[in-house]
Every structure is written in C-alpha cells, then in structure tokens.
Amino acid sequence: MDFAPTREQEMLRDMVRAFAESELAPNALSFDEKGEFPFEALKKAAKLGLVGIINSKEYGGSDMGHLARMIMIEEISRVYPPLGFYFQTGQIGMYGLQNFGSEEQKKKYLPPLCQGDTVMAWALTEATGGSDASTLQTTAELVGDEYNVNGRKVFITAGETADVVGFVAKAGDGTNLLLVEKGTPGFTTPRREERLGLRSIPVSELAFTNCRIPKENLVGQEGRGVRLALAGIGAVGRPGAAAVSLGIAQGAYEVTLRFAKERNLYGKAIVQLQAVQFALVNMNVETEAARWLCYYTGWLLDQGKSPGEIGPDIARAKLYATDVANKVCLKAAEIMGGYGLSPEYQLVRRLRDALELLPAAGAQDVQRVIIGGAIAR
Ligand SMILES: Cc1cc2nc3c(=O)[nH]c(=O)nc-3n(C[C@H](O)[C@H](O)[C@H](O)COP(=O)(O)OP(=O)(O)OC[C@H]3O[C@@H](n4cnc5c(N)ncnc54)[C@H](O)[C@@H]3O)c2cc1C
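Computed from a predicted model, the values in this text were never measured in an experiment.

Thresholds applied
- Residues numbered from 1 in each chain as written.
- Predicted model: local features only at pLDDT ≥ 70, side-chain atom pairs only at ≥ 80, totals over all residues.
- Heavy atoms only, no water.
- Axes fitted to C-alpha atoms, helices over the stretch in contact; angles between N-to-C directions.
- Helix = DSSP H or I, 4+ residues; strand = E, 2+ residues; numbered from the N terminus.
- Parallel < 35°, antiparallel > 145°, perpendicular 65-115°, else oblique.
- Left-handed = near helix turned anticlockwise from the far one by under 90°.
- Contact = heavy atoms within 4.5 Å.
- Nonpolar A, V, L, I, M, F, W, Y, C, P; charged D, E, K, R; others polar.
- Patch = residues over 30% accessible without salt bridge, like charges linked within 9 Å, V, L, I, M, F, W, Y side chains within 5 Å.
- Areas by Shrake-Rupley, 256 points an atom, 1.4 Å probe, with all protein chains shown as cover.
- Salt bridge = Lys/Arg side-chain N within 4 Å of Asp/Glu carboxyl O.
- Core = buried A, V, L, I, M, F, W, Y, C linked by side-chain atoms within 4.5 Å.
- Buried < 20%, exposed > 50% of the residue type's maximum accessible area, 1.4 Å probe, protein only.
- Near = heavy atom within 4 Å.
- Polar contact = N/O pair within 3.5 Å; in protein donor to acceptor, adjacent residues only side chain to side chain.
- Domains from an automatic or database assignment.
- Phe/Tyr/Trp six-rings, centres within 6.5 Å; stacked < 30°, edge-to-face > 60°.
- Buried area = accessible area lost by both parts, 1.4 Å probe.

S.K.: In this structure, what is going on with the packing of helix 7 (residues 225–262) against helix 10 (residues 348–356)? I would like to understand it.
M.R.: Packed helix pairs are specified by the crossing angle of their axes together with the interaxial distance, meaning the distance between the axes. Interhelical geometry of helix 7 versus helix 10 gives an angle of 155° and a closest axis separation of 10 Å. By the angle between their axes, helix 7 is roughly antiparallel relative to helix 10. Where helix 7 crosses over helix 10, the two elements pack in a sense that is left-handed. In this structure, helix 7 uses I248, G251, A252 and V255 to contact helix 10, whose residues at the interface are R350, D353 and A354. Residue composition of the contact of helix 7 with helix 10, by class: four nonpolar, one polar and two charged.

Encoded structure:
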C-alpha cells in the first residue's frame, strides 16, 4: 500500500495552511465572539478552489477529490473549525447537486456556490429525532406543477444564511429531495438556535407554511429523498465532520505543546515534567491515528467506493476523530492550568466546537450502531 500523499496533495496542504495562518488565525477569536458568518473568508477560500473541491471543473469546481478535501478541512479546522464545519455541510449540498441534480440545477447553482458567492444548506433533521429519518413530518404535496410544502426542520447549519437549501419531505408513499431558495414565499428561518460552539456558523430552524416550490426543484428521482440525503451525508457530511474533529485535535495539541514549552515551573519548562510529556504523547498518538482513519476514508471514496459500501469505515473515522478531539481539548485545558480556559489561549473555542461535533453528522452511538452491525454480520 502506498501511503505517500501525492505532490498535489502536499502542495494543497501547504497552500491551505498558509491561507489559514494568514487569513483565519488572526481573526478566529473575533469571528467567534461576533458570531457572524465569515463571508469574506469563504470568498477567499473559493478563489483558491477550496469550496468546489469535489465538484467538477465543468461547473466551476476544482475536482481535487475526497482525500484532498479531508486534508483541506483538517488544515482549515486546525485554525478555525467553523469554516471547516461549513464545508462539512455546504459541500453535502454541492455533492448532492453534482451527483443527483438535473443539468439545469447544476448549471444554475454550482458555479456561484463554487465561487463563494452563494451559500448552501442541507436539511434532513426534524425535532422528532435526527437519528431516525422515518419520523419526518414535513410534507410536499404535488398540486399541479408545484409542491405545497409544510413542516419544520431543526439544527440546520447555515440555514438562515443559505441562498439555497436542499431538504427532504414526505411525498406520497416516499420522500423527495427538493430545493428551496431564500425568499420563497412561505419559507422562513424563524429562529437561530443558541449554540455553545461553532458560533460563527448559524444553526437555524427552517419553517415551511404552504410554501410553493416548482416541480423542477425536485433533485433526483421521486420517492428517494431520504436515501439521497443520507448518501450525501455518508460521502461528504460524515467524512467532513471527521476531518473537522481531526483539525480541532491537531490545533489543540499544538496550542498545548507550545504552552508546555513556554510555561516554567521549578526552574524548567513543564514539557520536561513526565506527566505532561505523557499527556502530550497520548494527544500526539491519538491524533495521528485519527488522521489515518480520516485519510483512509477519503482514499476509499477516491477509489470510487460508495458510502453504502464503506459505511463502517466512514463511521470509524467520525467516531474516533470526534472522541479524540474532545479528549485532546479536555486534557489540554487541564495541562494549561488556569490559562486553559482563558479565551486568549484559543483552547476554549476549540473545546466548544469539539462538543458540537458529537451529535453533528450522526451521533457517536449511531456510528457505533453502524460499526456494530458490520462486525456482528
Ligand atoms: C452543530 C450541528 C449542526 C447540524 N447541522 C445539521 C444540518 O445542517 N442538517 C441536518 O439535517 N441536521 C443537522 N444537525 C442535526 C444532527 O444531524 C442531529 O443532531 C443528529 O442526527 C442527532 O439527532 P438528534 O440531535 O435529534 O438526536 P437523537 O436522534 O434524538 O438522539 C438522541 C440520543 O439517542 C442516541 N441514539 C439514537 N439512535 C440510536 C440507536 N439506534 N442506538 C443507540 N443510540 C441511539 C443518540 O446517540 C443520542 O445520544 C446538526 C447538529 C449539530 C449539533
């Protein structure tokens, strides 16, 4: 097996790291405090080809593949996880359009999304339970040439910011995946949800009240909405969440290592204390293990494996990387003593972001259910 990253992937990492250090690092704390969507950073990332990284060039993407995407999200999230998290969900929608959309839909929506001129959201979850898609209550009833949509979605990343949302609704005996544009009468985002982490990416409720959506906004085949939404979450959302977690773990580890080299006690840096060293070693080893689970998932997707075929591999990466991110952040806070929870050390925001990753893109125990089912078989 060849584990060496390609020259293009090495160059991508260097480029994204330079971008993250120069454009994101100086502003990460103030972005977090203000809680505003980072439109400018998104546009700059788009200029580097990062937004449309898995979209084809024909529609404005840079077509670098899934492993490249994992590396890109890792590097962004090492410095500023909310932007990585937007890529996690926004790119589900862009993947969905690319793979299941009509030619008209691709031509209309993908180029401005790839350029960072517009924002996309992907809405499956409802208040009745995100883990169980069979409880969906939102309905889309075909009336003439339009769907009449009624219902509510919760926890939708960039919901209030998005120019276009891909969402799932019950339609007849099945479910449909539909597109709704911002400003469509009957479609509102009544509430931004109060969140602990990822504060500059709004997470919102969506409401549909007799919202009329043209028939041509159906994405993919009639009746297959949940399957298509889950395919997007499997191929893009869950691996993306794993990569955000990996970046958080790496960033928190680096903050702690720097601190441990600078903080002196008993006349020497605390990195010389064996207990501190052991903690740093565990962070280092577990982050590296998470990295290879993440990259392996990206590599499998680049080999053309479908999310259905490699569900347990994707679940392993998300489960492990997210556990590691939380563990590293907590241990880091402990090692840094009283400074660990001071905002200026930029660990607290990472810890808050890591907590949000636990349910996002599928709860941790849902990943265990996927892996457990596979090993039991
Ligand atoms: C920051 C953030 C952003 C999000 N963005 C989006 C988005 O853009 N679009 C979107 O559609 N959704 C989004 N979500 C929703 C997310 O997908 C759901 O939170 C997730 O699927 C879990 O659903 P739930 O919160 O309703 O928890 P529930 O499904 O109610 O789960 C509650 C508990 O039950 C456990 N559980 C569930 N099923 C099983 C099982 N079979 N076996 C054992 N235990 C089980 C879970 O592990 C969990 O501990 C987002 C969530 C967060 C936190």
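S.K.: How should I be thinking about a nonpolar patch on the surface in this particular structure?
M.R.: On the surface, M1, F3, W292, Y296 and W299 cluster together into a nonpolar patch covering about 590 Å² of accessible area. Mapped onto the fold, W299 is located in helix 8 (residues 274–302).

S.K.: I keep staring at the nonpolar core and nothing clicks. Help me out?
M.R.: Where a protein is soluble and globular, its nonpolar side chains tend to be buried together. Of all hydrophobic cores here, the largest spans 118 residues; its most connected members are L24, F87 and F167. When residues in this core are grouped by element, the largest group, 18 residues, is from helix 7. Not counting the four nearest positions on each side in its chain, F87 is found in contact with L42, A45, V51, R69, M72, I73 and I76.

S.K.: Would you take a moment to explain the site of the ligand for this structure?
M.R.: T125, G130, S131, F155 and T157 are the nearest of the 20 residues found near the ligand. One nitrogen or oxygen atom from the main chain of W122 is found 2.8 Å from a nitrogen atom belonging to the ligand. Contact distances for the ligand include 2.8 Å between a nitrogen atom and a backbone N or O atom of F155. If the ligand stood free it would expose 980 Å²; the protein chains cover 67% of that surface. Mapped by element, the contributors of at least two residues to the shell around the ligand are helix 5 (81–100), strand 1 (120–123), strand 3 (146–157) and helix 11 (364–376). In terms of residue class, the shell around the ligand is built from 11 nonpolar, six polar and three charged. Each of two domains, domain 2 (121–223) and domain 3 (226–376), supplies a minimum of three residues to the shell around the ligand.

S.K.: So what exactly am I meant to see when it comes to the pattern of salt bridges here?
M.R.: Opposite charge on two side chains permits them to pair, given that their charged atoms come into close proximity. Tallying each qualifying case throughout the model produces 24 salt bridges. We note a salt bridge from E181 to K108, for which the minimum N-O separation is 2.7 Å. Linking E181 in strand 5 (residues 174–181) with K108 in helix 6 (residues 103–114), this pair joins segments that are 73 residues apart in sequence. Of the charged contacts in the structure, one is a salt bridge between R291 and E288, with a shortest N-O distance of 2.5 Å. Taken together, the residues R291 and E288, both in helix 8 and three residues apart, mark about one turn of the helix. Judged by relative accessible area, R291 falls into the buried class, the value being 10%. With a relative accessible area of 34%, E288 lands in the partly exposed category.

S.K.: Help me understand unusual backbone geometry, please; the structure alone is not making it clear to me.
M.R.: Among all residues except glycine, the phi angle is most often negative; among peptide bonds, the trans geometry is most common. Of note in this structure, L198 is not a glycine but carries a positive phi near 50°. Among the residues examined, L198 registers a relative accessible area of 5% and is labelled buried. Its identity as a non-glycine residue notwithstanding, Y266 has a phi of 55°, on the positive side. Looking at the element boundaries, Y266 is found in the loop between strand 9 (264–265) and strand 10 (268–269).

S.K.: Looking at this structure, I do not really get the packing of aromatic side chains. What am I missing?
M.R.: Here the distance between the centres and the angle between the planes together describe a pair of aromatic rings. Within the structure shown, the criterion is met by 12 aromatic pairs. Plain terms: the ring middles of Y95 and F100 are 6.1 Å apart, the flat faces sit at 85° to each other, and that makes the pair edge-to-face. Ring geometry for F259 versus Y345: centroids 5.8 Å apart, planes at 85°, classification edge-to-face. Taken together, the positions of F259 in helix 7 and Y345 in the loop between helix 9 (311–335) and helix 10 put the pair 86 residues apart, joining distant regions of the chain. According to the relative accessible area criterion, F259 is buried, its value standing at 7%. By relative accessible area, Y345 is classed as partly exposed at 29%. Counting every residue linked through ring pairs, the aromatic cluster contains F37, F39, Y86 and F87.

S.K.: Got a minute to help me understand the domain arrangement of the chain in this structure?
M.R.: The domain boundaries assigned to the chain delineate domain 1 (7–119), domain 2 (121–223) and domain 3 (226–376). With centres defined by C-alpha atoms, the gap from domain 2 to domain 3 works out at 30 Å. In this complex, domain 2 contributes 16 residues to the contact, which on the side of domain 3 involves 11 residues. Carbon and sulfur atoms make up 67% of the area that domain 2 and domain 3 hide from each other, which totals about 1,200 Å².

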